[in-house]
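Report on the structure
Residue-level listing of the chains:
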Amino acid sequence: MKESSKIIKDIKQRNFKPVYFLVGENETFFVDKIADTIEETVLSEDEKAFNQSVLYGKDVTMDEVVASAKRFPMMAEHQVVIVREAQNLLKQIDDLVSYLENPQSTTILVFVVKYKKADARKKAVKLLKKNFVFYQTKTIYDNQVPEWISQSMHSAGYTIEPKASMMLVEFLGVNLSHIQKELEKIQSICEPGTRITPEIIEENIGISKDYNNFELTKAIGMRDETKAFKIINYFAQNPKNNPLLLTTAQLYAYFQKIVKYHALKDRSKGNIAKVLGIHPFFADEYNKASTFYSLRQATQNIHHIKMIDLKGKGVGAHQIPQGDLLKELLVKIMR
């Protein structure tokens, strides 16, 4: 995330590189963001008509890309050539070597590769990494997304409560493109400077602030049986919106963190957050949860969750209602 921010900052400051090779093997949000920033920033609207080309890897060869890149701009300082779907050109990547050895100084050449990666053994890839911008997204984990949401909203002039961020992650997963669309929706509704609360998320995104996996894990962690059973009953009545597999996955991750907590020697808030991969805001909750669940209990609960997850997938059970499986799990966890 920091690397992509640095690249975007340089582009906005008009510190351009001759070639950008952008690879989104798993997550494509940052790759698109960099490419879009180049497309929107380098040339004025008047200059774009003659000096900005968007090619598609499935329709061109690498030689044709190079030929386009070697052209000179018309009445502009730069020309921009963006090659989208460039994963279709990966087998031809070494045809780019001669150009990389002597790139056109007035051209900004951008490759956008999605859901594949370039062979690091190829000479062209080595040249790209050494002399140009070679950006490859890393796997984004659930615990990294709330911080990204917070930073994104801060950049737009908003703040967002940790619980509101967690609600978005639980509902949308780590699909940053989907999350960004929902954040833009919130920004279009709320004035800059607004603190985004769970209530605002509930009203405008359609996520229940009281009946969700985040609240369920919190209730279980605090051994609040009444609240936990209310949420499970709600899930049982709305199984399509609250699939069992998502619930077991979140509970599994939650008790894994409790196991890690018990192994900590340094239980300062900062270290808890770092080791468990959580926002420091939630450190106190794990402090409390550890008093309710010993290391042995947390380990046993991980086993119970695995068994219910298998039953939900039809292993050793047949068509047991989701609500019944959740109730069985809750009884085992909280006994």
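Above this text is the structure in question.
Quantities reported herein were computed from a predicted structural model and do not represent experimental measurements. (Residues numbered from 1 in each chain as written. Predicted model: local features only at pLDDT ≥ 70, side-chain atom pairs only at ≥ 80, totals over all residues. Heavy atoms only, no water.)

**Digging into the overall build of the protein**
The helix and strand tally for the protein stands at 17 helices and seven strands. Buried positions account for 47% of the 335 residues belonging to the protein. The contacts in the protein between residues at least 6 apart in sequence include a share of 76% that link residues at least 24 apart. Approximately 17,500 Å² of the protein is accessible, and the part contributed by carbon and sulfur atoms is 50%. Of the side chains in the protein, 47 bear a positive and 40 a negative charge, and the two mean positions are spaced by 8 Å. (Helix = DSSP H or I, 4+ residues; strand = E, 2+ residues; numbered from the N terminus. Buried < 20%, exposed > 50% of the residue type's maximum accessible area, 1.4 Å probe, protein only. Contact = heavy atoms within 4.5 Å. Areas by Shrake-Rupley, 256 points an atom, 1.4 Å probe, with all protein chains shown as cover. Lys, Arg positive; Asp, Glu negative; His and termini not counted. Charge placed at Lys NZ, Arg CZ, Asp CG, Glu CD.)

**Here's the deal with the sheet that holds strand β3 (residues 79–84)**
Across the sheet, five strands lie side by side as β2-β3-β4-β1-β5; this open sheet has parallel pairing. The sheet is open, and its two borders are formed by β2 (52–56) and β5 (133–136), each paired with just one other strand. The mean inter-strand angle of the sheet, taken between neighbouring strand axes irrespective of direction, is 10 degrees. Pairing geometry for β2 and β3, over five bridges, is parallel. Of the residues in β3, the one forming a bridge with L55 is V83. Where helix α6 (residues 123–131) meets the sheet, it contacts β1 (19–24) and β5, and its direction lies at approximately 105 degrees from that of β5. (Pairing = 2+ DSSP bridges. Axes fitted to C-alpha atoms, helices over the stretch in contact; angles between N-to-C directions.)

**Comments concerning helix α17 (residues 322–334)**
Residues spaced three or four apart along an α-helix point in a common direction, a consequence of the helix completing one turn every 3.6 residues. With 13 residues, α17 extends 18 Å between its outermost C-alpha atoms, agreeing within 8% with the 18 Å of an ideal straight helix rising 1.5 Å per residue. Those residues of α17 that sit buried are Q322, G323, L325, L326, L329, L330, I333 and M334. Down the axis, α17 shows its buried residues gathered within 160 degrees of arc, on one side only. (Expected span 1.5 Å × (residues − 1). Arc of directions from axis to C-beta.)

**Re the packing of helix α7 (residues 145–155) against helix α9 (residues 176–189)**
Their axes nearest at 11 Å, the elements α7 and α9 cross at an angle of 35 degrees. Considering the relative orientation of α7 and α9, their crossing is right-handed. In contact with V145, W148, I149, S152 and M153 of α7, α9 contributes L176, I179, Q180, L183, I186 and Q187. Looking at the contact of α7 with α9 residue by residue, the class counts come to eight nonpolar, three polar and no charged. (Left-handed = near helix turned anticlockwise from the far one by under 90°. Nonpolar A, V, L, I, M, F, W, Y, C, P; charged D, E, K, R; others polar.)

**Re a nonpolar patch on the surface**
Together, F50, M74 and M75 give the surface a local cluster of nonpolar side chains, amounting to about 400 Å² of exposed area. You can see F50 is positioned in helix α3 (residues 45–51). For F50, a relative accessible area of 56% gives the class exposed. (Patch = residues over 30% accessible without salt bridge, like charges linked within 9 Å, V, L, I, M, F, W, Y side chains within 5 Å. Salt bridge = Lys/Arg side-chain N within 4 Å of Asp/Glu carboxyl O.)

**Regarding the side chain of H78**
For H78, the position within the fold is in the loop between α4 (62–69) and β3. If sequence neighbours within four positions are ignored, H78 has contacts with F16, V42, L43, N51, P73, S105, T106 and I108.

**As for the environment of P280**
Examined against the element boundaries, P280 turns out to sit in the loop between α14 (269–276) and α15 (283–292). The partly exposed category is assigned to P280, whose relative accessible area is 37%. Through-space distance from the C-alpha of P280 to that of Y99 is 49 Å; in sequence the pair is 181 residues apart. In this view, P280 contacts K269 and A273; residues no more than four positions away in its chain are not counted.

**So, the pairing of strand β4 (residues 107–114)**
Of all eight residues that make up β4, seven are buried, and the element is covered over most of its length. Looking at chain direction, β1 and β4 are connected through six bridges and run parallel. Residue pairing for β4: G24 is matched across the bridge by K114. Bridge count for β3 against β4 is five bridges, and the pairing is parallel. If you follow Q79 over to β4, its bridge partner there is T107.

**Points about a negative patch on the surface**
Negative charge collects at one region of the surface, where D63, E64, D94 and D95 lie side by side. Position of D95 relative to the elements: it lies in the loop between β3 and α5 (97–101).

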